[in-house]
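# Summary of structural features
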Amino acid sequence: MSHSFRQALQDTFHLEQFRPLQHEVIEHFFAGGSALVIMPTGSGKSLTYQLPAVSLPGTTLVVSPLKALMKDQVDKLRALGVRASLINSDVSRTEREKRQEKLKRGDLQILYVTPERFQKQEFLDAVDSAKISRLVLDEAHCISQWGHDFRPEYGKVGLLRERLKNPPTLALTATATAEVKNDIREKLRFDANAPTFSLPIARPNLAIEVEDIVSLEEKAETAIERLHGHDGVGSAIIYFALITTLHKFSDVLRKKKIRHVVYHGDLPEKMKRSSQEDFLAGREPIILATPAFGLGVDKPDVRAVIHAEVPGSIEAYFQEIGRAGRDGLPARCVLLYDQDDVTTQMEFIEWANPDGEYIRKVMSLIAGHSARFRQEGADFLREQMSYFNKRDYRVETALNLLRSWGILEETADRAEITGELTNALWNEELRTTRKRHQQEKLLKLIRWINSRACRQQGIYQYFSEVETTPCGICDNCRAAQPPRVNR
Ligand code: ADP
Ligand code: MG
């Protein structure tokens, strides 16, 4: 059997040999086992389902929250002669129906979809009469509400798996804490003997440093200093928590005639895409971004990741700096730490956990003004909820929670509240537990920032990885070494 996998690797994918763990996962998945797979970005997770998919009868259904990267994947597979397709909100209705027909006829080896398809009856109908041999959840950490990148559309993933009659399932992610791993298994209803395959997460080429900073001006100066001479050598990402800070920073760079592009959630899709493409192609060396940028981005030569504001957890931080130095060459990660920025993250946590009364008010507004809500979206709700603070995103949180519970159904022109906010879904205890949990994660990050121990070791301990030796290149390791003496 292993001989034929190698054959498929060479014949279909034109690759010479397997990378670490790929063969083990492929063997297991092909034979009909489910598994959780944790491998760093760029290590080749896609092959672990693509290869079985071309060797098995039926369709492999791949769920991914990354609309932007789907087309690329499908184009690559088609070029290799694989019958692959995708369905997401960018696909026109006629085209979508055509693809669903293909799925029903068994003409597709691989179909990529976004998780919001789970809400669409026509998709579920198509899936019912298709032969789905394997299910794959890419970026599976997005399933967990304990993860730093929770996508509520994933709420019904367990039901979907059941509806497909529990096909062998692969859940793939680059980073997951112990509780996120447990949550993924639980949501997918994996049984206890489904194994976890994982590669060590160590990134020894990242030199991490934390710098205490007191003002935006100082941040900009330090960032520019760190980026000096960067142009043409490689690329840099500068991360922000707030769009307003990002804009101010961008102004400073512009005044100093430092070329850069920006990326955040308030930009139109077209702008986001062009920023991302210019950065990926190396036409623009610097991108200023919120955490909305980066998931699934695999650019080998990012030489620096600078955090201009403190992120919300060690896992968010590790995921973001993980975009540096993919090529294995040295890369620099600088966290510009202003204590005052911690309050921003504390506000985020507050807004991520609105109380029941707030959610009920949102529900009744939607139920009473369905058409208007569909036209104006969250803005309408925000206006009605006497919304003062520009950064308050409780409305979005409430909507996301309603979607994840499956009691908000949206069509093109209407929105419907299809259930009640029961005590089992949301209650004061659940709310405080969730909030405390997020606060603890923030606190762990602050402790790590203030620690004098090796930065890398601190991160691996957080993910309960095996002990490693000190990295030798972070600020703390360098401070612990005696200064070099010139003779
Ligand atoms: P991940 O999903 O883990 O981030 P991908 O599946 O996107 O990574 O793969 C990253 C790159 O590695 C792709 O360009 C892919 O073609 C390449 N790759 C994967 N497996 C192999 C292999 N066995 N040999 C050579 N290149 C590979
Ligand atoms: Mg991937």
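So, here's what we can say about the structure.

### Describing the overall build of the protein chain
Of the regular secondary structure elements, the protein chain holds 20 helices and 15 strands. Over its C-alpha atoms, taken along the principal directions, the protein chain stretches across nearly 75 × 65 × 45 Å. Burial analysis of the protein chain (487 residues in total) assigns 53% to the buried set. Contacts in the protein chain between residues far apart in sequence, at least 24 positions, make up 74% of those at least 6 positions apart. Accessible surface, the protein chain: about 23100 Å² in total, of which carbon and sulfur atoms supply 49%. Counting 68 positive and 67 negative side-chain charges, the protein chain places the averaged centre of each group 3 Å from the other.

### Observations regarding the layout of surface pockets
Estimated volume of the second largest pocket: approximately 290 Å³. Lining the second largest pocket are 15 residues, and of these Gln145, Phe150, Lys187, Ser404 and Trp405 sit closest to its centre. Those elements that provide at least two residues to the lining of the second largest pocket are helix H17 (394–404) and helix H18 (428–450).

### Notes on the site of ligand 1
Taken together, Leu15, Gln17, Phe18, Arg19, Gln22, Pro40, Thr41, Gly42, Ser43, Gly44, Lys45 and Ser46 make up all the residues around ligand 1. At 2.9 Å, a side-chain N or O of Gln22 approaches a nitrogen atom of ligand 1. Interatomic distance of 2.6 Å between a side-chain N/O atom of Ser46 and an oxygen atom of ligand 1. Look at ligand 1: alone it shows 570 Å² of surface, and the protein chains cover 68% of it. Of the residues that constitute the shell around ligand 1, the class distribution is three nonpolar, seven polar and two charged.

### Considerations on the environment of Gln384
Mapped onto the elements, Gln384 comes out in helix H16 (residues 378–384). Taking the C-alpha atoms as reference points, Gln384 and Leu365, separated by 19 residues in sequence, lie 8.2 Å from one another. Sequence-distant contacts of Gln384, defined by excluding residues within four places in its chain, comprise Lys361 and Leu365.

### Observations regarding helix H3 (residues 47–55)
Counted residue by residue, H3 has seven buried out of nine residues, so it is predominantly covered. For H3, every residue scored as buried is listed here: Leu47, Thr48, Tyr49, Gln50, Leu51, Pro52 and Ala53.

### Let's talk about the pattern of salt bridges
Close approach of charged atoms lets side chains of opposite charge pair. With the rule as written, the count across this model stands at 33 salt bridges. For the salt bridge of Glu97 with Arg93, the shortest nitrogen-to-oxygen distance reads 3.2 Å. With Glu97 and Arg93 both in helix H5 (residues 93–105) and four residues apart, the pair spans about one turn of that helix. Given a relative accessible area of 33%, Glu97 falls into the partly exposed group.

### Section: the environment of Ala53
Relative to the helices and strands, Ala53 resides in helix H3. What makes Ala53 buried here is its relative accessible area of 0%. Along the primary structure Ala53 and Glu467 are separated by 414 residues, whereas in three dimensions their C-alpha atoms are 37 Å apart. Those residues in contact with Ala53 that sit more than four places away from it in its chain are Thr60, Gln109 and Ile110.

### Topic: the sheet that holds strand E5 (residues 132–137)
Taken in spatial order, the seven strands line up as E3-E4-E2-E5-E6-E1-E7 in an open sheet, and their pairing is parallel. The two strands at the open ends of the sheet, each matched to only one other strand, are strand E3 (84–87) and strand E7 (196–198). The mean inter-strand angle of the sheet, taken between neighbouring strand axes irrespective of direction, is 20 degrees. Relative to strand E4 (residues 110–113), E3 runs parallel, the two sharing four bridges. When the sheet's bridge partners are listed, Leu86 is paired in E4 with Tyr112. Across the face of the sheet, helix H8 (residues 178–187) comes into contact with strand E1 (35–38), strand E6 (169–173) and E7 while running at roughly 145 degrees to E1.

### Section: helix H2 (residues 22–30)
In an α-helix, one turn spans 3.6 residues, which is why side chains three or four residues apart end up on the same side. Taken together, the buried positions of H2 are Gln22, His23, Val25, Ile26, Phe29 and Phe30. End-on view of H2: buried residues confined to an arc of 165 degrees, all on one side of the axis. Directly beyond the C-terminal end of H2, a positive phi value near 105 degrees is found at Gly32.

### Some thoughts on empty space enclosed by the protein
All chains considered together, the criterion is met by two cavities of 30 Å³ or more. A volume near 160 Å³ is recorded for the largest cavity. If you trace the largest cavity, you find 13 residues lining it, with Pro40, Thr41, Ala174, Thr175 and Gly322 closest to the centre. Looking at side-chain class alone, the lining of the largest cavity contains four nonpolar, six polar and three charged residues.

### With respect to the nonpolar core
The nonpolar side chains of a soluble globular protein tend to be buried with one another. In terms of nonpolar packing, the biggest core is built from 39 residues, with Ile208, Ile237, Phe293, Ile321, Trp448, Ile449 and Ile459 touching the most fellow members. Counting 34 residues, the second largest nonpolar core, distinct from the first, contains Leu66, Ala130, Leu135 and Leu160.

### Things to note about the environment of Ile349
Along the chain, Ile349 turns up in helix H13 (residues 341–351). In this structure Ile349 comes out as buried when scored by relative accessible area, which is 9%. If sequence neighbours within four positions are ignored, Ile349 has contacts with Lys435, Gln438, Gln439 and Leu442.

### A word on the pairing of strand E12 (residues 302–307)
Extensive coverage of E12 is indicated by the burial of six of its six residues. The sheet contact formed by strand E9 (residues 235–239) and E12 spans five bridges and is parallel. By the bridge assignment, Tyr239 is partnered in E12 with His307. Relative to strand E13 (residues 331–337), E12 runs parallel, the two being bridged by four bridges. Within E13, the position partnered with Ala304 by the bridge is Arg332. For the crossover that starts at E12, traverses helix H12 (residues 314–321) and ends in the parallel E13, the hand is right-handed.

Conventions and cut-offs
Numbering of residues starts from 1 in every chain and runs along the sequence as written. Chains and ligands are labelled by the order in which they are written, letters from A for the one and numbers from 1 for the other. In keeping with the model being predicted, local features are shown solely for residues with a pLDDT of at least 70 and side-chain atom pairs are shown and tallied solely at 80 or more, while totals for entire chains, interfaces and linings include all residues. Computation of side-chain values covers all heavy atoms of the structure but excludes hydrogens and water. Numbering of helices and strands starts at the N terminus; helices are DSSP runs of H or I of at least 4 residues and strands are runs of E of at least 2. Buried residues are those whose accessible area, probed at 1.4 Å on protein chains only, stays under 20% of the maximum for their type, while exposed residues exceed 50% and partly exposed ones sit between those limits. Whether two residues are in contact is decided by their heavy atoms, any of which lying within 4.5 Å being enough. Only the protein chains shown count as covering a residue, and every accessible area follows the Shrake-Rupley method with a 1.4 Å probe. A positive count includes Lys and Arg, and a negative count includes Asp and Glu. His and the chain ends are not counted in either. Every charge is mapped onto a representative atom, which is NZ of Lys, CZ of Arg, CG of Asp or CD of Glu. Only protein atoms enter the calculation, which uses a 1 Å grid: trapped sets of points that fit a 1.4 Å probe without letting it out are cavities, open sets showing protein on both sides within 12 Å along at least five of seven lines are pockets, and any residue with an atom within 4 Å of a point is a lining residue. Grid points are joined across faces, edges and corners, and a volume is the space filled by probe spheres set on the points. By convention in this text, a residue qualifies as near a molecule or strand provided that one of its non-hydrogen atoms is within 4 Å of it. Here a polar contact means two N or O atoms within 3.5 Å. Within protein one must be a hydrogen donor candidate and the other an acceptor candidate, and residues neighboring in sequence count only if both atoms are side-chain atoms. In this classification, Asp, Glu, Lys and Arg are treated as charged, Ala, Val, Leu, Ile, Met, Phe, Trp, Tyr, Cys and Pro as nonpolar, and every other residue, Gly included, as polar. By definition, a salt bridge exists where a carboxyl oxygen of Asp or Glu is found within 4 Å of a side-chain nitrogen of Lys or Arg. If DSSP finds at least two bridges between two strands, the strands pair. In this analysis, axes come from line fits to C-alpha atoms, helices being fitted only over the stretch in contact, and the angle between any two N-to-C directions falls in the range 0 to 180 degrees. Along the arc lie the directions from the helix axis toward the C-beta atoms. For the purposes of this section, nonpolar cores are sets of buried Ala, Val, Leu, Ile, Met, Phe, Trp, Tyr and Cys residues that join through side-chain atoms within 4.5 Å. By convention, orient the strands away from the viewer: a clockwise path from the first strand over the helix to the second makes the crossover right-handed.

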